[in-house]
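This is what each chain is made of:
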Amino acid sequence: MAPLTSIAWVDNQVRILDQTKLPGEIAYNTIVTITEMYDAIKMLKVRGAPAIGVAAGFGLYLGMKDFPDSSSLADFLTLLLKNADFLASSRPTAINLFWALERVKKVVHSQKDVLSVSQLKELLLKEAIAILEEDKAMCQKIGEFGFSLLKEHKTLLTHCNAGGLATAAYGTALSPIYVGLEKGKAFKVYADETRPLLQGSRITALELMEAGVPVTLICDNMAAFVMAQGKIDAVIVGADRITANGDTANKIGTYSVALAAKEHGIPFYVAAPSSTFDTTLESGKEIPIEERGQEEIVNGFGKLTGPEKVPVYNPAFDVTPHRYITAIITEKGVLEPPFTESIATIIS
Ligand code: MRU
């Protein structure tokens, strides 16, 4: 199990690990306001689709906790919507952000006629904690289903970080590896470094090493060659949004890994909770893809790696078409093609 925790409710406060400082510094921040939570999400201090969902739940609570108990319910609901819209504008691709905000709003609306403003604030916190706890249980189930699927394999390749630090606990893509460890099976893992923000190298490699999993770090452009050398038995990645047909948005570079896996006859698995599915979208073409700043590519970690003013294109995610995906591992079971049908069985 990964010893580092991305987000937690500790001593009546929200605590996050500032992932922008990894691997050099383990720095926990207390998040006190909704604006601090918005910034933490936007700057990737807290990141990874499920963890962003958890953060959004707490962010909404922080935005409402000082609302005067004596003020009107109408004003409370207006501010709740405004705050939800604010948090929703932090990052566009991971659907878990919007899923969590909708869930919390719905719970408040279902109780607004029976609870006082003060009680509704307590309800907000209760729901945020419930999202956090459910996320932990979800990770465990994905790990167990994923382990059953992968247990005959020896060496896995992963891209970006879909581990404990992208969720509230074991992670999604890395969860079967941690479950394996508990059962005495040590998978070997190749981790793509994941340009430009290096979540694979800064976070996945660190997380796996801390947990005692044998991990080898490679640059993104080495993945196809490592597959050609027969070193990879299966690929497993997380997801930020999966559409009704199984098309999957995940960290930029995932699509290239899927293409390479197909060429080499290597199974390509996606691990994600049901909160990552967006069945309102038919295909991946409709997924909003976040574009990030020029400096991440040219001056990402304080070293100029390109001409200072060169224009760049920096999409943070790509979409892997469903035809390259062997199966999707969820907390409700393993989904196989045709995905339009299998997804419909778990998402109403
Ligand atoms: O930009 P990030 O670091 O938030 O991107 C994270 C990813 O792409 C993860 O693979 C995805 O969110 C799944 S996390 C379980």
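Residues numbered from 1 in each chain as written. Predicted model: local features only at pLDDT ≥ 70, side-chain atom pairs only at ≥ 80, totals over all residues. Heavy atoms only, no water.

## Some remarks on the sheet that holds strand β5 (residues 188-192)
Hydrogen bonds between backbone groups are what pair the strands of a sheet, and the pairing can be parallel or antiparallel.
Here is step 1: The strand order across the open sheet formed by 7 strands is β6-β5-β4-β7-β10-β13-β14, and the pairing between neighbours is mixed. On the outer flanks of this sheet lie β6 (215-218) and β14 (333-335), each paired with one strand and no other. Strand-to-strand twist across the sheet, computed as the mean angle between neighbouring axes with direction ignored, equals 25°.
Here is step 2: Sheet topology note: the strand β4 (residues 155-158)/strand β7 (residues 234-237) ladder contains 2 bridges and is parallel. The partner of Leu 157 across the bridge, within β7, is Val 235.
Here is step 3: Packed onto the sheet, helix α5 (residues 117-150) meets β4, β7, β10 (268-271), β13 (327-330) and β14 and runs at close to 145° relative to β13. (Pairing = 2+ DSSP bridges. Helix = DSSP H or I, 4+ residues; strand = E, 2+ residues; numbered from the N terminus. Axes fitted to C-alpha atoms, helices over the stretch in contact; angles between N-to-C directions. Contact = heavy atoms within 4.5 Å.)

## Here we look at the site of the ligand
Here is step 1: In the region of the ligand, 18 residues are neighbours, and Arg 47, Ala 49, Arg 91, Asn 250 and Lys 251 sit closest.
Here is step 2: Here an oxygen atom of the ligand and a backbone polar atom of Gly 48 are 3.0 Å apart.
Here is step 3: Side-chain polar atom of Arg 91 to an oxygen atom of the ligand: 2.8 Å apart, as the coordinates give it.
Here is step 4: Isolated, the ligand exposes 420 Å² of accessible area, and the fraction of that covered by the protein chains is 100%.
Here is step 5: Its atoms largely coinciding with the cavity grid, the ligand occupies the largest cavity. (Near = heavy atom within 4 Å. Polar contact = N/O pair within 3.5 Å; in protein donor to acceptor, adjacent residues only side chain to side chain. Areas by Shrake-Rupley, 256 points an atom, 1.4 Å probe, with all protein chains shown as cover. 1 Å grid on protein atoms, 1.4 Å probe; cavity = no way out; pocket = protein on both sides within 12 Å on 5 of 7 lines; lining within 4 Å. Sits in = over half its atoms within 2 Å of the grid points.)

## Concerning unusual backbone geometry
Here is step 1: Going from Arg 195 to Pro 196, the amide bond is cis rather than trans, its omega being 0°.
Here is step 2: Inspection of the secondary structure assignment puts Pro 196 in the loop between β5 and α7 (199-211).
Here is step 3: Geometrically, the link from Pro 337 to Pro 338 is a cis peptide bond, its omega value of 0° lying close to zero.
Here is step 4: Locating Pro 338 in the fold gives a position in the loop between β14 and α11 (339-346).
Here is step 5: Even without glycine at this site, Leu 44 takes up a positive phi of about 70°.
Here is step 6: A relative accessible area of 6% means that Leu 44 is categorised as buried.
Here is step 7: We note that Cys 160 has phi near 65°; this positive angle belongs to a residue other than glycine.
Here is step 8: Turning to its location among the elements, Cys 160 is positioned in the loop between β4 and α6 (175-182).
Here is step 9: The exposure class of Cys 160 is buried, given its relative accessible area of 6%. (Buried < 20%, exposed > 50% of the residue type's maximum accessible area, 1.4 Å probe, protein only.)

## Notes on the domain arrangement of the chain
Here is step 1: The domain architecture assigned to the chain consists of domain 1 (7-137) and domain 2 (142-344).
Here is step 2: A straight line from the C-alpha centre of domain 1 to that of domain 2 covers 26 Å.
Here is step 3: Contacts between domain 1 and domain 2 engage 24 residues on the former and 29 residues on the latter.
Here is step 4: Summed over both sides, the interface of domain 1 with domain 2 buries roughly 2,100 Å², with 56% coming from carbon and sulfur.
Here is step 5: On the domain 1 side of the contact with domain 2, Arg 47, Thr 93 and Ile 95 bury the most area, a combined 29% of that side's loss.
Here is step 6: Scanning the region where domain 1 abuts domain 2 turns up 1 salt bridge.
Here is step 7: Run the count over domain 1 and domain 2 and you get 15 residue pairs in polar contact (both at pLDDT 80 or more). (Domains from an automatic or database assignment. Buried area = accessible area lost by both parts, 1.4 Å probe. Salt bridge = Lys/Arg side-chain N within 4 Å of Asp/Glu carboxyl O.)

## Describing the packing of aromatic side chains
Here is step 1: According to the stated counting rule, one finds 7 aromatic pairs in the structure shown.
Here is step 2: Measuring from centroid to centroid gives 6.3 Å for Tyr 255 and Tyr 324, while their planes differ by 55°, and the two rings are tilted. In this pair, Tyr 255 sits in helix α9 (residues 254-263) while Tyr 324 sits in the loop between β12 (317-320) and β13, placing the two residues 69 residues apart along the sequence.
Here is step 3: Overall, the relative accessible area of 30% leaves Tyr 255 in the partly exposed class.
Here is step 4: Through pairs of rings, three or more aromatic residues link up here, namely Trp 9, Phe 58 and Tyr 61.
Here is step 5: For Arg 15, the ring lying beneath its charged end belongs to Tyr 28, and the centroid distance is 4.1 Å. (Phe/Tyr/Trp six-rings, centres within 6.5 Å; stacked < 30°, edge-to-face > 60°. Lys NZ or Arg CZ within 6 Å of the ring centre and 35° of its normal.)

## Some remarks on empty space enclosed by the protein
Here is step 1: Tallying each qualifying case throughout the model produces 2 cavities of 30 Å³ or more.
Here is step 2: Around the largest cavity, the lining comprises 22 residues; the ones closest to its centre are Gly 48, Ala 49, Asn 161, Asp 240 and Asn 250.
Here is step 3: Secondary-structure elements contributing two or more residues to the lining of the largest cavity are α2 (49-64) and β9 (248-251).
Here is step 4: In terms of residues, the lining of the largest cavity owes the most to one element, α2, which gives 3 residues.
Here is step 5: Grouping the amino acids of the lining of the largest cavity by side-chain chemistry returns 11 nonpolar, 7 polar and 4 charged. (Points joined across faces, edges and corners; volume = space filled by probe spheres on them. Nonpolar A, V, L, I, M, F, W, Y, C, P; charged D, E, K, R; others polar.)

## Topic: the packing of α2 against α5
In helix packing, the relevant descriptors are the interaxial angle and the interaxial distance, both defined with respect to the helix axes.
Here is step 1: Taken N-terminus to C-terminus, the directions of α2 and α5 make an angle of 170°; their axes are 8 Å apart at the nearest point. In terms of their interaxial angle, α2 and α5 are classed as roughly antiparallel. Side by side, α2 and α5 meet where Pro 50, Gly 53, Val 54, Gly 57, Phe 58, Leu 60, Tyr 61 and Met 64 of the first sit next to Lys 121, Leu 124, Leu 125, Ala 128, Ile 129, Ile 131, Leu 132, Asp 135 and Met 138 of the second.
Here is step 2: Its residues assigned to classes, the contact of α2 with α5 comprises 13 nonpolar, 2 polar and 2 charged. (Parallel < 35°, antiparallel > 145°, perpendicular 65-115°, else oblique.)

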